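# Observations on the three-dimensional arrangement
Spelled out from the first residue to the last, the chains are:
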Amino acid sequence: MASVIVTGSSRGIGRGVALRFARDGYDVAVNYVQSADAAGALVDTIETDVETDAEAIAVQADVGDPEDAERLVDETIDAFGDVTHVVNNAGIDQHVYTEDLSPKDFDRVMDTNVNGAFNVTKFALPYLREAAESGADPSVTNVSSILAHTGAPIECHYAASKAGILGLTKSHAKDFAPEIRVNAVAPGHVETDMTADRSEEERAEEMAGIPLERFGQPEDIAQAVAYLRDATWVTGETLNVNGGELVR
Ligand code: NAP
């Protein structure tokens, strides 16, 4: 059986990715930092409603903390015996002008968004290599953002973290080839808690730049992650999934 760790999968995009992997037959480690009830409910959904034999566990771990990240991997191995895929999705955002942005808050966003992806990948690496030796096609998919390409007003640390994810992705793709493929997905505006605070005016302005005339859903991103998981000759790539928004 194959298994996946999806970081930050109690809600939003990560939840959609976890469900997609379960529907495709993978055991899933659902990771969260504080939403224990939501993570537990997702485990129940996977084990009772999904029509595959997929099993699931919920693991509380702050991915920015190396000890937590290592425990997340260990608990996944204890439960499933392998880790064949990692989706580094956990992320936080904050809207604040640089003048008002504290170095501590800058670090907090970097810790979760960049260090978190590094930490989980690092501790999963021996198991991903083991999976490759057994004939699997292991992969890591990192969740970046359209803002990695465009930059963003009032969230420079977030945009920098998401650009950092692209550097991490390309570097790890080279480091881990040919055994493990590493790619990134760069979503545009997806309707989750992270974007729920946008005003009607901001939403209208963002929508005007989206040729497909709708915001994304977690399932749209899950579909792209599933493609990268299955794309056996693709590594070091970034897949932009944003309804056709111009990236520049
Ligand atoms: P969300 O709805 O706010 O969910 C964030 C998830 O990350 C939650 O499961 C949260 O767990 C978890 N999390 C936060 N900090 C964590 C930590 N330190 N350790 C482990 N888990 C942590 O966010 P989302 O919109 O689904 O975003 C998911 C990813 O997509 C993020 O990396 C985000 O930057 C990226 N993204 C989102 C959009 C968008 O428009 N929504 C666009 C581009 C990229 P708890 O529930 O326990 O708090």
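This text goes with the structure placed above it.
Now for a description of the structure that goes with this document. Treat the numbers as computed from the prediction; the structure is a model and nothing was measured. (Residues numbered from 1 in each chain as written. Predicted model: local features only at pLDDT ≥ 70, side-chain atom pairs only at ≥ 80, totals over all residues. Heavy atoms only, no water.)

## Thoughts on the overall build of the protein chain
Helix and strand counts for the protein chain stand at eight helices and seven strands. Expected size for 248 residues packed as a compact globule is a radius of gyration near 18 Å; at 17 Å, the protein chain falls within 12% of this value. Projected onto the principal axes, the alpha-carbon positions of the protein chain cover approximately 50 × 35 × 35 Å. Residues classed as buried in the protein chain amount to 50% of the 248 residues present. When contacts within the protein chain are restricted to residue pairs at least 6 apart in sequence, long-range pairs at least 24 apart make up 73% of them. About 11,700 Å² of surface is accessible on the protein chain, with carbon and sulfur atoms providing 48% of the total. (Helix = DSSP H or I, 4+ residues; strand = E, 2+ residues; numbered from the N terminus. Rg over C-alpha atoms; globule rule 2.2 N^0.38 Å. Buried < 20%, exposed > 50% of the residue type's maximum accessible area, 1.4 Å probe, protein only. Contact = heavy atoms within 4.5 Å. Areas by Shrake-Rupley, 256 points an atom, 1.4 Å probe, with all protein chains shown as cover.)

## What about the sheet that holds strand β5 (residues 139-143)?
With parallel pairing, the seven strands of this open sheet are ordered in space as β3-β2-β1-β4-β5-β6-β7. Each edge of the open sheet is held by one strand with a lone partner, namely β3 (56-60) and β7 (238-241). Mean inter-strand twist for the sheet, computed between neighbouring axes without regard to direction, equals 15°. In this fold helix α3 (residues 66-80) packs onto β1 (3-6), β2 (27-32) and β3, with an angle of close to 160° to the strand it touches most, β3. (Pairing = 2+ DSSP bridges. Axes fitted to C-alpha atoms, helices over the stretch in contact; angles between N-to-C directions.)

## What to know about helix α4 (residues 103-133)
For α4, built from 31 residues, the straight-helix expectation of 45 Å at 1.5 Å per residue is met to within 8% by its first-to-last C-alpha distance of 43 Å. The first or second residue beyond α4 is G135, which carries a positive phi of 95°. (Expected span 1.5 Å × (residues − 1).)

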